[in-house]
Protein chains: 2
Amino acid sequence: MARQARAESRIIGLVPTMGALHEGHASLIARAKRECSPLIASIFVNPKQFGPDEDFAKYPRTFESDSEKLRQAGVDTLFAPEAAEIYPKDFSTYVHVEGLSERLEGRSRPGHFRGVTTVVMKLLQIVQPHRAYFGRKDAQQARLITQMARDLNLDSEIVVCPIVREPDRLALSSRNVYLNPEQRKAATILYRALEAAKKELEAGGRDALHLQTSLRRKLDSEPLAAVDYAEVVDAETFEPVVRVSRACYVLLAVFIGKTRLIDNLYLEPKAPESDEFMFHL
Amino acid sequence: MARQARAESRIIGLVPTMGALHEGHASLIARAKRECSPLIASIFVNPKQFGPDEDFAKYPRTFESDSEKLRQAGVDTLFAPEAAEIYPKDFSTYVHVEGLSERLEGRSRPGHFRGVTTVVMKLLQIVQPHRAYFGRKDAQQARLITQMARDLNLDSEIVVCPIVREPDRLALSSRNVYLNPEQRKAATILYRALEAAKKELEAGGRDALHLQTSLRRKLDSEPLAAVDYAEVVDAETFEPVVRVSRACYVLLAVFIGKTRLIDNLYLEPKAPESDEFMFHL
């Protein structure tokens, strides 16, 4: 299909997902639908991006309602392969982005990003989209995939889309269903901590260590929250910054009970070299 | 160019080389020319596939005569990028075939195959050929690239072509120019050892250890030769076999002075499960 669509100068779009679709996915699909035809969505719960102690087995699988949502959203083709199709018996080739993959999420989840970049590479090769859409909630993942696409000269543009939030501002995630009502309420602490960091930045705060200390203090005020990391990093390298003076992410990973949630605040200079920022939450 | 040629249903061919072209390359190009249009050749001495103590700096570079040869052979486009174009400053993504990459050549040349698979992936993405041609002298390399193409769903067929030899049966290699006349004569020991192994196999010899012992003895009879490895391996996995009973390679890596040469004999069963073989030297 790709070859024919490309021959006809149509713009092929891909939205790769692990299913358990929510409004975050819906926003990716809506944007892709506006920009592409044909539009392909994939559902594949990728075993290679889960650690041995992670939630692969219990990851929510809602295939029937997912495929109905995709159909209603105007997706032309749903690609939902079996694991044995994606990883045949003697599968042994991996794509790895060095450095970037080892930090933050990569440190907390060894092997995770190697699994992500490998499966995304495969999906991009199978579908051959002109554009592939990813959510900014997984900021490091989006950065890695962009780096992979550039480094390996992939003929697909990586499009990164804004975070979608619940009315109480919790970032949408397929893992939110793991939260009981009490935990669900506690989970808003991630957004509230980021909002406090934004206020500190708006008031002129530029010291990354001070910001991180404030974030920790705020997160620690929630008894059900256990911080994995709370860092201010360069938006290109994902290395810690000392002073906020360029595009940065404030990144959070927090356990609420056994559920690990991530969220972030993206700071974009208003002009090159500017010390004034736009804040994307 | 790829997108347009693909849209016009033409068969794009790629012959990737490191230059210093010889009759081995010429045979790849002649075959690709028969099967493809347009035909692209690349010349890139890939720094990432040379170890720190290897011959990257002195690897023969004969760009003017190479490009003239390619023009005369009917190559439509020569792609000869600079290293900084292929590996920009913060390049950090690698393709690695686990297992296969660690054995034999990979053990003798750590990191070599990671450099090979990464650059071949890039070339395949840039050129988007329907077919890419590689020589069977580098049998393990050809096997790895075939595995990579399958594992990562690349839209390119990997075509592996026979070894081309000098009149005295030395396998053609850009590194043969390193040999002085005495070494050049000694270098024929690789072929003579493979020929002896072929005779042993034709006489019914199936014991891999016995074959390896005969190979070693033969190679050691040449005072200028220092064996790196001489093994009988499964043609799929490149793991040692005990008994020759399926498709196998007899693989040699031998130093003649400081020059490391490789050669191989490919055994193909005459029929599935057959114990009779065709021998490709």
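Starting afresh in each chain, residues are numbered from 1 along the sequence in its written order. Key to labels: chains lettered from A, ligands numbered from 1, both in the order written. At least 70 in pLDDT is required for a residue's local features to be given in this predicted model, at least 80 for side-chain atom pairs to be given and counted, and no such filter applies to totals for whole chains, interfaces and linings, which use all residues.

**Q** I would appreciate a short explanation of the nonpolar core in the present structure.
**A** Buried Ala, Val, Leu, Ile, Met, Phe, Trp, Tyr and Cys residues whose C-beta atoms connect them within 7 Å together make up a nonpolar core. Once C-beta atoms are placed from the backbone, each residue is buried if 20 or more other C-beta atoms lie within 10 Å of its own, exposed if 12 or fewer, and partly exposed for counts between those two. Grouped together as the largest cluster of nonpolar side chains are 140 residues, with contacts concentrated most on Leu190, Val250 and Leu252 of chain A together with Leu190, Val250 and Leu252 of chain B. By the criterion used throughout, residues are in contact when their C-beta atoms, derived from the backbone, lie within 7 Å. Apart from the residues within four sequence positions on either side, Leu252 of chain B is in contact with Leu190, Ala193, Leu194, Ala230, Ile262, Asp263 and Asn264 of chain B.

**Q** I'm lost on the environment of Ala230 of chain B in this one. Help?
**A** Residues and elements named next belong to chain B. Runs of H or I in DSSP of at least four residues are treated as helices and runs of E of at least two as strands, each being numbered from the N terminus. Relative to the elements of secondary structure, Ala230 occurs in strand S7 (residues 225-234). Taking the C-alpha atoms as reference points, Ala230 and Ala83, 147 residues apart in sequence, are found 34 Å from one another. With sequence-adjacent residues up to four places away left out, Ala230 is seen in contact with Gln212, Leu215, Arg216, Leu219 and Leu252.

**Q** Hey, could you run me through helix H7 (residues 139-151) of chain A in this one?
**A** Residues separated by three or four positions in an α-helix point in the same direction, a consequence of the helix having 3.6 residues per turn. All names here are of chain A. By definition here, a helix of n residues has an expected span of 1.5 Å times n minus one. Helix length check: H7, at 13 residues, gives a terminal C-alpha distance of 18 Å against a target of 18 Å (1.5 Å per residue), a fit within 8%. Most of H7 is tucked away, with 10 of its 13 residues classed as buried. Residues of H7 that are buried: Ala139, Gln140, Gln141, Arg143, Leu144, Ile145, Gln147, Met148, Ala149 and Asp151.

**Q** So what exactly am I meant to see when it comes to the interface of chain B and chain A here?
**A** Buried accessible area, meaning the area lost when the parts come together, often serves as the stated size of an interface. Taken together, the contact between chain B and chain A spans 25 residues of the former and 25 residues of the latter. Elements with a contribution of two residues or more to the side of chain B that touches chain A: helix H1 (2-7), strand S4 (93-97), helix H6 (112-127) and helix H7 (139-151) of chain B. Top contributing element to the side of chain B that touches chain A by residue count: S4 of chain B, with 5 residues. Nonpolar residues are Ala, Val, Leu, Ile, Met, Phe, Trp, Tyr, Cys and Pro. Charged residues are Asp, Glu, Lys and Arg, and all others, Gly as well, are polar. In terms of residue class, the side of chain B that touches chain A is made up of 11 nonpolar, 8 polar and 6 charged.

**Q** When you look at the domain arrangement of chain A in this model, what are you seeing that I'm missing?
**A** Residue and element names in this part refer to chain A. Source of the domain bounds: an automatic or database domain assignment. Partitioning chain A into domains gives domain 1 (2-161) and domain 2 (174-280). Distance from the C-alpha centre of domain 1 to the C-alpha centre of domain 2: 25 Å. The interface is formed by 14 residues belonging to domain 1 together with 13 residues belonging to domain 2. For the side of domain 1 that touches domain 2, the secondary-structure elements that each account for two or more residues are helix H5 (105-108) and H7. For the side of domain 1 that touches domain 2, the element with the most residues is H7, which contributes 3 residues. For the side of domain 1 that touches domain 2, the per-class residue count stands at 6 nonpolar, 3 polar and 5 charged.

**Q** I'm lost on unusual backbone geometry in this one. Help?
**A** Only a minority of non-glycine residues have a phi that is not negative, and only a minority of peptide bonds are not trans. Residues and elements named next belong to chain A. Backbone torsion omega between Ser37 and Pro38 reads 5°, so that peptide bond is classified as cis. Its place among the elements puts Pro38 in the loop between helix H2 (23-35) and strand S2 (39-43). Residue Gln128 is not a glycine yet carries a positive backbone phi of 50°. Mapped onto the fold, Gln128 is located in the loop between helix H6 (112-127) and strand S5 (131-135). At Arg169, a position not held by glycine, the phi torsion is positive, near 80°. Summarising the element assignment, Arg169 is placed in the loop between strand S6 (157-161) and helix H8 (181-186). The class for Arg169 is partly exposed, based on 15 C-beta atoms found within 10 Å.

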